[in-house]
Amino acid sequence: MARTRSEERRADIVRAALEVIAERGYRGASLGSVAERVGLTQQGLLHHFPTKEALLVAVLEERDRWDTSGGPGREGWRLDLLDALVEYNAVRPGIVQTFSALLGESVTDGHPAREFFTGRYAQVRAHMAEVLRLEFGDRLPDGLTPERAAPLLTAVMDGLQYQWLLDPSAVDMPGAFRDFVRLLHGGGAPS
């Protein structure tokens, strides 16, 4: 089914907002600069997204859709497919940088993305517990439950992204994640 003109315009605005936020951060990004990038007036942009916060949430939701497009839905992920997601992120630094910057900004009181990220991380931890349960059952080789290990898995993925963004030549994000998965299985890094 063909997308309507309005849906296409909204998609263009979200892509432009992602670019502007990547360049300037959320606080430095203005609706006017996003509107200019897509050839609209600010009033025209407000027709599609009534507030800057609504646009931010649309950007974050789109980023999450990219993470699951081309593969199974979140409920179909396995531990080996998380490795594929890390590999995929390694070839799109702009999106990873934008997401990481917004995540960092969202920890401040009153940030419009705080609620999004709080809810997202609750879902991610639950999802990671499901992934770990599918892989290991009720206990990992070290005795941790999937629920106890899920925040650690999430922290490794996000922490590797930050380190990789700061120094991509020093951090092999996909390789380090594969090493971590070997540790989860009770084995060390390869010799």
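Predicted model only: the values in this text are computed from it and were never measured. (Residues numbered from 1 in each chain as written. Predicted model: local features only at pLDDT ≥ 70, side-chain atom pairs only at ≥ 80, totals over all residues. Heavy atoms only, no water.)

Let us now look at the packing of helix α5 (residues 79-89) against helix α9 (residues 173-184). At a closest axis distance of 9 Å, the pairing of α5 and α9 adopts a crossing angle of 165 degrees. On the basis of the axis angle, α5 is roughly antiparallel to α9. Crossing hand, α5 versus α9: right-handed. Contact residues: α5 offers Leu 79, Leu 82, Asp 83, Val 86, Glu 87 and Asn 89, while α9 offers Met 173, Pro 174, Phe 177, Arg 178, Val 181 and Leu 184. Broken down by class, the residue content of the contact of α5 with α9 amounts to eight nonpolar, one polar and three charged. (Axes fitted to C-alpha atoms, helices over the stretch in contact; angles between N-to-C directions. Helix = DSSP H or I, 4+ residues; strand = E, 2+ residues; numbered from the N terminus. Parallel < 35°, antiparallel > 145°, perpendicular 65-115°, else oblique. Left-handed = near helix turned anticlockwise from the far one by under 90°. Contact = heavy atoms within 4.5 Å. Nonpolar A, V, L, I, M, F, W, Y, C, P; charged D, E, K, R; others polar.)

As for its position among the elements, Ser 33 is in helix α2 (residues 31-37). Of note is the side chain of Ser 33, whose polar atom sits 2.8 Å from the backbone oxygen of Ser 30. With near-sequence residues (within four places) excluded, Ser 33 lies in contact with Val 20 and Arg 24. (Polar contact = N/O pair within 3.5 Å; in protein donor to acceptor, adjacent residues only side chain to side chain.)

In this fold, Val 107 is placed in the loop between α6 (93-106) and α7 (114-136). Of the residues examined, Val 107 reaches a relative accessible area of 56% and is grouped as exposed. In this structure, the C-alpha to C-alpha distance between Val 107 and Glu 62, residues 45 residues apart in sequence, is 20 Å. (Buried < 20%, exposed > 50% of the residue type's maximum accessible area, 1.4 Å probe, protein only.)

Right, let's get into the nonpolar core. Residues Ile 13, Val 34, Leu 55, Leu 56, Leu 60, Leu 102 and Phe 117 are the most contacted members of the largest nonpolar core, which totals 28 residues. Of all the elements in the fold, those that place two or more residues in this core are α1 (5-28), α2, α4 (52-68), α6 and α7. Here the element with the most residues in this core is α1; it accounts for eight residues. Setting aside residues no more than four positions away along its own chain, Leu 55 makes contact with Ile 13, Val 14, Ala 17, Leu 31, Val 34 and Phe 49. Membership of the second largest hydrophobic core comes to 24 residues, among which are Leu 79, Ala 129, Met 157 and Leu 160. (Core = buried A, V, L, I, M, F, W, Y, C linked by side-chain atoms within 4.5 Å.)

Time to look at the confidence of the model for the protein chain. With 90% of its residues at a pLDDT of 70 or more, the protein chain shows a mean pLDDT of 86. Highest mean pLDDT in the protein chain belongs to helix α8 (residues 146-166) (96); lowest belongs to α4 (79). Of the regions scoring below 50 in pLDDT, residues 70-74 engages in six contacts with residues more than four places distant in sequence or in other chains. (pLDDT = per-residue confidence, 0-100.)

Inspection of the entire model under this criterion finds two aromatic pairs. The interplanar angle of 70 degrees and the centroid separation of 5.3 Å between the aromatic rings of Phe 99 and Phe 117 together place this pair among those described as edge-to-face. On the criterion of sequence distance, the pair formed by Phe 99 in helix α6 and Phe 117 in helix α7 is long-range, its members being 18 residues apart. On the accessibility criterion, Phe 99 (4% relative accessible area) is buried. Classification of Phe 117 as buried rests on a relative accessible area of 3%. One aromatic cluster is present, built from ring pairs that chain together Phe 99, Phe 116 and Phe 117. Above the ring of Tyr 121, the side-chain terminus of Arg 120 is found at 5.8 Å from the ring centroid. (Phe/Tyr/Trp six-rings, centres within 6.5 Å; stacked < 30°, edge-to-face > 60°. Lys NZ or Arg CZ within 6 Å of the ring centre and 35° of its normal.)

Let's shift gears to the environment of Lys 52. Along the chain, the position of Lys 52 falls in helix α4. In this structure the C-alpha to C-alpha distance between Lys 52 and Phe 116, which are 64 residues apart in sequence, comes to 14 Å. A polar contact is formed between the side chain of Lys 52 and the backbone oxygen of Ala 29, at a distance of 2.6 Å.

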